[in-house]
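# Examination of the molecular architecture
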Amino acid sequence: IRMIEHFKKFDRGDKSLLPLSFSHLNEFAFYRERWALRRIFGYEFPTSAAAERGSAVESGLNMILNGMSVSKASSKMEAEYDANCMRINDPKIEDERTNLIPLLELGAKKFQEHAFQWNLIDYQKQVEVFIKGIPFKGFTDFHFEDKNTKEDFYIDLKTSKIMPSSISISHQMQQAIYQKATNSRQILWYLKTPTKTKNAEYCALEVEDYQKPIKICEHIIKVMGNYLKTVDNPGEVKDSLIPNPDNWIWKEETVLQARKEVWGY
């Protein structure tokens, strides 16, 4: 049997494990019980204020790159953030709201430094690729072309509470998948949230060698195929996993409720 068949047996109506995404792979590898709740049992979990902060800042920067003034983009970004936060219950909503404008202004300043040499080609473009015969899809952030060299490249924007000194393995995996899908240079821009004593900060990092993170992706896919081979239905998935009640993933109330519904504790 081809490996893809083990994935396809969990197709239900319009729900399918395929195509895989980077976050799907990451969750299977490192938070498998939450993966099962979401992908096998069909639960949907709200995002967080931090995730909404990231999306809103990206959206605001896209408006600025398309010619909108920083002040107009700021108020549109805040309105978008507020609307998206209506759906979630997170004590950090107000804190994160105060981070939006400093992050947007810093990001806009960094992009403006390159405005004369880069053209924005695309934003949030869906990319597709096969890894080990399994289809993947993802959404890149900003797709640019260098006006002089005509080289195209992607900038993936991450807003973060801490400034990374190196790229985490999960971000490396994501970059490697995008690089394989687009065959173009990938650059990570980190915008760190301001603190009481420090303004927002910026750094750019790039994966030196895409081979290592792609190897890890390939290994996770293989493990996933082997795991799915051993289970045929949601009941068997439930009986093959043991949720650790001490794990931080259960801090989110809806995730905890789903765990109790499935495993009874």
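A brief structural summary.

What follows is about the overall build of the chain. Looking only at helices and strands, the chain features 10 helices and seven strands. Its C-alpha atoms give the chain a radius of gyration of 20 Å, within 12% of the compact-globule value 18 Å for 265 residues. Projected onto its principal axes, the C-alpha positions of the chain cover 55 × 45 × 35 Å. For the chain, buried positions account for 46% of its 265 residues. Accessible surface for the chain amounts to roughly 14000 Å². Of this, 50% is attributable to carbon and sulfur atoms. Distance from the positive charge centre (37 side chains) to the negative charge centre (37 side chains) of the chain: 3 Å.

Turning our eyes to something else, we now look at the sheet that holds strand β4 (residues 142-146). Pairing is mixed in the open sheet, where five strands are placed in the order β1-β4-β5-β6-β7. Since the sheet does not close on itself, it has two edges, and those belong to β1 (118-123) and β7 (201-205), each with one partner. Between one strand axis and the next, the sheet turns through 30 degrees on average, direction left out of account. Strand direction decides the pairing type here: β4 and strand β5 (residues 152-160), joined by four bridges, are antiparallel. The residue bridging H143 from the neighbouring strand is Y154, located in β5. Across the face of the sheet, helix α4 (residues 49-65) comes into contact with β1, β4, β5 and β6 (185-192) while running at roughly 135 degrees to β5. Helix-sheet contacts for helix α6 (residues 93-112) involve β1, β4, β5, β6 and β7, and the interaxial angle to β6 is about 140 degrees.

In a regular helix each residue adds 1.5 Å, so 20 residues correspond to 28 Å; α6 covers 29 Å between its end C-alpha atoms and thus fits that length. Considering bend angle alone, the principal kink of α6 is centred on L100 and spans about 25 degrees; proline P102 follows within four residues of it. All of the buried residues along α6 are I93, E96, N99, L100, L103, L104, L106, G107, A108, K110 and F111.

With respect to the helices, strands and loops of the structure, S21 is situated in the loop between α1 (3-8) and α2 (22-30). In this structure the side chain of S21 is engaged in a polar contact, spanning 3.2 Å, whose partner is the backbone nitrogen of H24. In this structure S21 touches R39, F136 and K137, once residues within four positions along its chain are discounted.

A few words now on the pattern of salt bridges. The full count for this structure, using the stated rule, is 13 salt bridges. For E206, the salt bridge is made with R185, and the minimal N-O distance between the two is 3.0 Å. Taken as a pair, E206 in the loop between β7 and α8 (211-229) and R185 in strand β6 lie far apart in primary sequence, 21 residues in all. Since its relative accessible area comes to 36%, R185 is described here as partly exposed. A single salt-bridge network, built from bridges that share partners, covers E27, R34 and R38.

What follows is about α2. When we look at burial in α2, the residues that qualify are F22, H24, L25, N26, E27 and F28. Where α2 is buried, its residues contact α3 (32-40), β3 (134-139), α7 (169-182) and α8.

The interhelical angle for the contact between α4 and helix α5 (residues 70-85), taken along N-to-C directions, is 150 degrees, at an axis separation of 9 Å. As summarised for this structure, α4 and α5 are arranged roughly antiparallel, according to the angle between their axes. Taken as a pair, α4 and α5 cross one another with a handedness that is right-handed. When α4 is examined against α5, the residues A49, E52, R53, S55, A56, V57, S59, G60, M63 and I64 are found in contact with a partner set consisting of V70, A73, K76, M77, E80, Y81, N84 and C85.

What counts as what
- Residues numbered from 1 in each chain as written.
- Predicted model: local features only at pLDDT ≥ 70, side-chain atom pairs only at ≥ 80, totals over all residues.
- Heavy atoms only, no water.
- Helix = DSSP H or I, 4+ residues; strand = E, 2+ residues; numbered from the N terminus.
- Rg over C-alpha atoms; globule rule 2.2 N^0.38 Å.
- Buried < 20%, exposed > 50% of the residue type's maximum accessible area, 1.4 Å probe, protein only.
- Areas by Shrake-Rupley, 256 points an atom, 1.4 Å probe, with all protein chains shown as cover.
- Lys, Arg positive; Asp, Glu negative; His and termini not counted.
- Charge placed at Lys NZ, Arg CZ, Asp CG, Glu CD.
- Pairing = 2+ DSSP bridges.
- Axes fitted to C-alpha atoms, helices over the stretch in contact; angles between N-to-C directions.
- Contact = heavy atoms within 4.5 Å.
- Expected span 1.5 Å × (residues − 1).
- Bend = angle between axes of the 7 residues up to and from the residue.
- Polar contact = N/O pair within 3.5 Å; in protein donor to acceptor, adjacent residues only side chain to side chain.
- Salt bridge = Lys/Arg side-chain N within 4 Å of Asp/Glu carboxyl O.
- Parallel < 35°, antiparallel > 145°, perpendicular 65-115°, else oblique.
- Left-handed = near helix turned anticlockwise from the far one by under 90°.

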